[in-house]
Amino acid sequence: MSVLFPKVNKPREWDYRPIYFDEEKEARKDKRLARLRRGAFREEHEKNMTELRKKKQSKLVFWLVLLGLLIFAFYVLL
């Protein structure tokens, strides 16, 4: 420590930022916390799997209908 110039700490500065209520932010926060409850991941996985099955089934129906139309078109044309 210096005798001629002693070190003096600066006083803490006033750092005030007002907090405003943001409904969207609160909704996101509540939604995130709701997802973290017990069993939520399993429910989310099951929901995603059912959606995936529905997509696969709709694609399968589309391709079967297309195949049927092609067979019908070849039958009529030949």
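You'll find the structure just up there.
Since the model is a prediction, treat every value here as computed from it, not as a measurement. (Residues numbered from 1 in each chain as written. Predicted model: local features only at pLDDT ≥ 70, side-chain atom pairs only at ≥ 80, totals over all residues. Heavy atoms only, no water.)

## Focus on the overall build of the protein
1) Next: Summing up its helical and strand segments, the protein has 2 helices and 0 strands in all.
2) Next: On C-alpha atoms alone, the protein measures out to a radius of gyration of 33 Å, which is more than a quarter above the 12 Å that the 2.2 N^0.38 rule sets for 78 residues.
3) Next: Counting only C-alpha atoms and orienting by the principal axes, one finds that the protein spans roughly 110 × 30 × 25 Å.
4) Next: The proportion of buried residues among the 78 residues of the protein is 1%.
5) Next: Surface accessibility of the protein: about 9100 Å² in total, with carbon and sulfur atoms responsible for 62%.
6) Next: Looking at the protein, you have 19 positive and 11 negative side-chain charges, and the mean spots of the two groups are 7 Å apart. (Helix = DSSP H or I, 4+ residues; strand = E, 2+ residues; numbered from the N terminus. Rg over C-alpha atoms; globule rule 2.2 N^0.38 Å. Buried < 20%, exposed > 50% of the residue type's maximum accessible area, 1.4 Å probe, protein only. Areas by Shrake-Rupley, 256 points an atom, 1.4 Å probe, with all protein chains shown as cover. Lys, Arg positive; Asp, Glu negative; His and termini not counted. Charge placed at Lys NZ, Arg CZ, Asp CG, Glu CD.)

## Some thoughts on the packing of aromatic side chains
1) Next: Counting across every chain of the model gives 1 aromatic pair.
2) Next: Pairing Phe62 with Trp63 gives two aromatic rings, centres 5.2 Å apart and planes at 70 degrees, and the pair type is edge-to-face.
3) Next: Here Trp63 falls in the exposed class, since its relative accessible area comes to 54%. (Phe/Tyr/Trp six-rings, centres within 6.5 Å; stacked < 30°, edge-to-face > 60°.)

## A look at the environment of His45
1) Next: Along the chain, His45 falls in helix 2 (residues 40–77).
2) Next: Sequence separation between His45 and Phe21 is 24 residues; the distance between their C-alpha atoms is 33 Å.

## Topic: the pattern of salt bridges
1) Next: Inspection of the entire model under this criterion finds 1 salt bridge.
2) Next: Across the pair Lys47 and Glu44 runs a salt bridge, and its minimum N-O distance is 3.9 Å. In this pair, Lys47 and Glu44 are both assigned in helix 2, 3 residues apart and thus about one turn of the helix distant.
3) Next: On the basis of relative accessibility, which here comes to 35%, the residue Glu44 falls in the partly exposed class. (Salt bridge = Lys/Arg side-chain N within 4 Å of Asp/Glu carboxyl O.)

## Section: a negative patch on the surface
1) Next: Residues Asp22, Glu23, Glu24, Glu26 and Asp30 make up a contiguous surface patch of negative charge.
2) Next: Here Asp30 shows up in helix 1 (residues 23–35). (Patch = residues over 30% accessible without salt bridge, like charges linked within 9 Å, V, L, I, M, F, W, Y side chains within 5 Å.)

## With respect to a positive patch on the surface
1) Next: There is a patch of like positive charges on the surface, built from Lys25, Arg28, Lys29, Lys31, Arg32 and Arg35.
2) Next: In this structure, Lys31 sits in helix 1.
3) Next: Overall, Lys31 belongs to the exposed group, its relative accessible area being 59%.

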